[in-house]
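Each chain, written out:
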Amino acid sequence: MGDPVAEYSSRLQQQEQDIHSLTAEIESLKNPQSLGLSSHLDGLREENAKLKYRLNILKRSLQEERSQCSKTMMNINQRLQEIFGEAIREAWPDLENPPLAVTPNQQAKFGDYQCNSAMAMAQMMKSKGLKVNPREIAEKIQQNIPDNELIEKTEIAGPGFINVHLKRSFVSKLLTNLLLNGVQPPPLESKKKVVVDFSSPNIAKEMHVGHLRSTIIGDSMCRLFEFLGYDVLRLNHVGDWGTQFGMLIAHLQDKFPNYLTVSPPIGDLQAFYKESKKRFDEEEDFKKRAYQCVVKLQSKDPAFIKGWNLICDVSRNEFQKVYNCLDIQIIERGESFYQEKMIAVVKEFEAKGLVEMDEGRKIVFAPGQQIPLTVVKSDGGYTYDTSDLAALRQRLFDEKADIIIYVTDSGQSTHFQVVFAAAQMIGWYDPKVTRVEHAGFGVVLGEDKKKFKTRSGDTVRLMDLLDEGLKRSMDKLKEKDRDKVLSTEELTKAQHSVAFGCIKYADLSHNRINDYVFSFDKMLDDRGNTAAYLLYAFTRIRSIARLANIDEVALRKAAETTDVLLQHDKEWKLGKCLMRFPEILQKILDDLLLHTLCDYLYELATTFTEFYDSCYCIEKDRQTAESAACLKTHAASPW
């Protein structure tokens, strides 16, 4: 069943176009023969009036439903965009795709939100030969704002800014809804399938600091999509295939000849890899045997598959130590998974005449791309280009993904740009329908602003980094005498929460596109935009609940029977800040820049501190205390 408001709006718009055209035709004719048209015009006007009446009833009904506050949180910015979008269409019906800009007001004295469309509309009209003052446009928009449930008043400022003041009573209802139902994401139009490709270490090599960002950012994106209600597939596209496995298996055969019957005690896989690589570079006979092992592996010889699995398992166990520390859930689906699928991909490109020969290689040029993809090497082998095309095709057609996100460093942006262009060229997906995106990120720097390395110049092992974080966090806890008030179990739990929480937050709080400086001192500082500060703020909020001695049942009853008072400026500021959570989520969903959430949480924590310092949270009269307790609980909820 269609949307009745959209249906009536469409019919109404068509009717008004007919009226405009008929009126113009009558004016041009100006003779008695136009009387027949006049009769038709009167009929249209009568039907138009009926449509407007029905449309207004439907709109009022929708407003009443909104005012009842569903269990989900309202996106106030989105609702204001709907209101101002309708006002702009009503004021300027002939303007195609007018700009719509609604943002939170940066200065509270001027209002809560601001519509800045008038200036952009003036520029658009100017390009069409119409010169209209932006302030006049703003006034006309203001005059056409429909009746709604959340705007108290609007004011025009400067060249054409429309300042919006929200109804405190409506925000109070939204806050009550939040307290009663908890933090609920906005409703989804449809439950889409999301695939996130992240972490992606290489088998037989240890995870290093370079994998830190992909792992943390990718997991956080998955958590965002999962919280919003999407069906999420977390994929670990590990490097588990290729020529390096020939030398590893050859070295395994020499060092542990009975590996088929006795599990080899490979304690340090990194050292094992370095030994095999040294032999590969220096011993010609070993090198030839390594290539023979590759052929045997690719032909699925059971003995070589067994050796390959042994090496992969050792790596998986090491990777899992990192994932356990960071609380990462991920499904491994390495390059080996796509080996058979690569043959079909090459055939598909060849069948459509999209493959060119270049010095024995098979290459594919995608439209608008200067660099080709090499789908088959001159020796007949496949490449990363081929496996990434096969992986993308599998995710589109087998997984039926609506959204596919690749979380790798920004250095791979050109590669993915070409892969995506080739996939669109062959018709695998339409970017207007399916979202396929590379979420690139900068590198981790040391405090010397150079690429993060150990003192000896080696890449920093990720487990060493996490262990150092544990040591530093314990030192910090003892410095604050936490070891004197917490049990051994509680202290260990706090140590892990602080260490890994601070490492994650330090990464996420920086714009992922930029490089960032890794500093334990900064991330463990309980001042400024850090996880340590947020943990401190959260603890303070929870302590108020303990001191107030109001149990959950009493608090819920208070929420059901007591209005959340927003009389003090700091109460109003905190209430508005809490209600911005859905629009923050929407922004991150649009641009995948997670530092926006960190900035919001820091703003929420500091806003709460202002509220706490200015308003009674426990004392004074009971109603004020219960109202403040409700606000306090809201402030803790988004975390």
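Looking at an unreviewed UniProt entry, one finds the chain named Arginine--tRNA ligase, cytoplasmic, with Salmo trutta as its source organism. Quoted straight from UniProt, the Sequence similarities (unreviewed entry) entry for the chain says "Belongs to the class-I aminoacyl-tRNA synthetase family." The UniProt entry for the chain carries the following comment under Subcellular location (unreviewed entry): "Cytoplasm, Cytosol".

Peer 1: With reference to specific residues and values, describe the overall build of the chain.
Peer 2: Helix and strand counts for the chain stand at 23 helices and 14 strands. Scored against the burial criterion, the 639 residues of the chain give a buried share of 47%. Pairs at least 24 residues apart make up 73% of the contacts formed inside the chain by residues separated by at least 6 positions. Surface exposure of the chain reaches about 32,900 Å², of which carbon and sulfur atoms provide 49%.

Peer 1: Give a description of the packing of helix H7 (residues 210-227) against helix H21 (residues 581-591) that names residues and reports values.
Peer 2: One can describe the packing of H7 onto H21 by two numbers: an axis separation of 11 Å at closest approach and a directional angle of 125 degrees. With respect to each other, H7 and H21 are oriented oblique. Seen from above, H7 lies across H21 with left-handed handedness. Residue-level inspection shows Leu 224, Phe 225 and Phe 227 of H7 in contact with H21, the latter providing Phe 581, Leu 585, Ile 588 and Leu 589. Of the residues that constitute the contact of H7 with H21, the class distribution is seven nonpolar, no polar and no charged.

Peer 1: For helix H20 (residues 569-579), give the residues involved together with the corresponding values.
Peer 2: Every α-helix winds through 3.6 residues per turn, so residues three or four apart in the chain are directed the same way. In terms of burial, H20 is a largely internal element, eight of the eleven residues being buried. Three or more residues of H20 are buried, namely Glu 571, Trp 572, Leu 574, Gly 575, Lys 576, Cys 577, Leu 578 and Met 579.

Peer 1: Got a sec to walk through the pattern of salt bridges? Specific residues and values, please.
Peer 2: Across all of its chains, the model carries 40 salt bridges by this definition. Glu 318 is the partner of Lys 321 in a salt bridge, and the nearest nitrogen-oxygen pair spans 3.2 Å. Of this pair, Lys 321 and Glu 318 both sit in helix H11 (residues 302-326), three residues apart, which is roughly one turn of the helix. The partly exposed category is assigned to Lys 321, whose relative accessible area is 43%. Judged by relative accessible area, Glu 318 falls into the partly exposed class, the value being 29%. Note that Lys 573 and Glu 610 form a salt bridge whose closest N and O atoms lie 3.0 Å from each other. Taken as a pair, Lys 573 in helix H20 and Glu 610 in helix H22 (residues 595-614) lie far apart in primary sequence, 37 residues in all. Residue class for Glu 610 comes out partly exposed when judged on its relative accessible area of 27%. Put simply, Asp 219, Arg 223, Glu 226, Arg 234 and Asp 327 are held in one network by salt bridges that share partners.

Peer 1: Let's hear about the pairing of strand E4 (residues 161-166): which residues, and what values?
Peer 2: Burial runs high along E4: five of the six residues are buried. Where strand E2 (residues 113-115) meets E4, three bridges bridge the pair, whose relative direction is antiparallel. Note that in E4 the partner of Tyr 113 across the bridge is Val 164. Judged from the six bridges that link them, strand E3 (residues 151-157) and E4 form a sheet pairing that is antiparallel. Within E4, the residue paired with Ala 157 across the bridge is Phe 161. Between E3 and E4, which pair antiparallel in sequence order, lie three residues; one of them, Gly 158, sits at a positive phi of approximately 55 degrees.

Peer 1: Pulling in residues and values, what's your account of unusual backbone geometry?
Peer 2: For Ser 200, which is not a glycine, the phi torsion comes out positive at approximately 50 degrees. With respect to the helices and strands, the residue Ser 200 is situated in the loop between strand E5 (193-197) and H7. For Ser 200, a relative accessible area of 22% translates into the label partly exposed. Of note in this structure, Lys 449 is not a glycine but carries a positive phi near 70 degrees. Along the chain, the position of Lys 449 falls in the loop between strand E13 (444-445) and helix H15 (462-479). Overall, Lys 449 belongs to the exposed group, its relative accessible area being 59%.

Peer 1: I'd like to hear about the sheet that holds strand E1 (residues 102-104), residue by residue, with values.
Peer 2: Strand order in the open sheet formed by four strands is E1-E2-E4-E3, and the pairing between neighbours is antiparallel. Single-partner strands in this sheet number two, and they are E1 and E3. On average, each strand axis in the sheet is tilted by 25 degrees relative to the strand beside it, whichever way the strands run.

What counts and what doesn't
- Residues numbered from 1 in each chain as written.
- Predicted model: local features only at pLDDT ≥ 70, side-chain atom pairs only at ≥ 80, totals over all residues.
- Heavy atoms only, no water.
- UniProt positions renumbered as here; feature names shortened; annotations may be inferred.
- Helix = DSSP H or I, 4+ residues; strand = E, 2+ residues; numbered from the N terminus.
- Buried < 20%, exposed > 50% of the residue type's maximum accessible area, 1.4 Å probe, protein only.
- Contact = heavy atoms within 4.5 Å.
- Areas by Shrake-Rupley, 256 points an atom, 1.4 Å probe, with all protein chains shown as cover.
- Axes fitted to C-alpha atoms, helices over the stretch in contact; angles between N-to-C directions.
- Parallel < 35°, antiparallel > 145°, perpendicular 65-115°, else oblique.
- Left-handed = near helix turned anticlockwise from the far one by under 90°.
- Nonpolar A, V, L, I, M, F, W, Y, C, P; charged D, E, K, R; others polar.
- Salt bridge = Lys/Arg side-chain N within 4 Å of Asp/Glu carboxyl O.
- Pairing = 2+ DSSP bridges.

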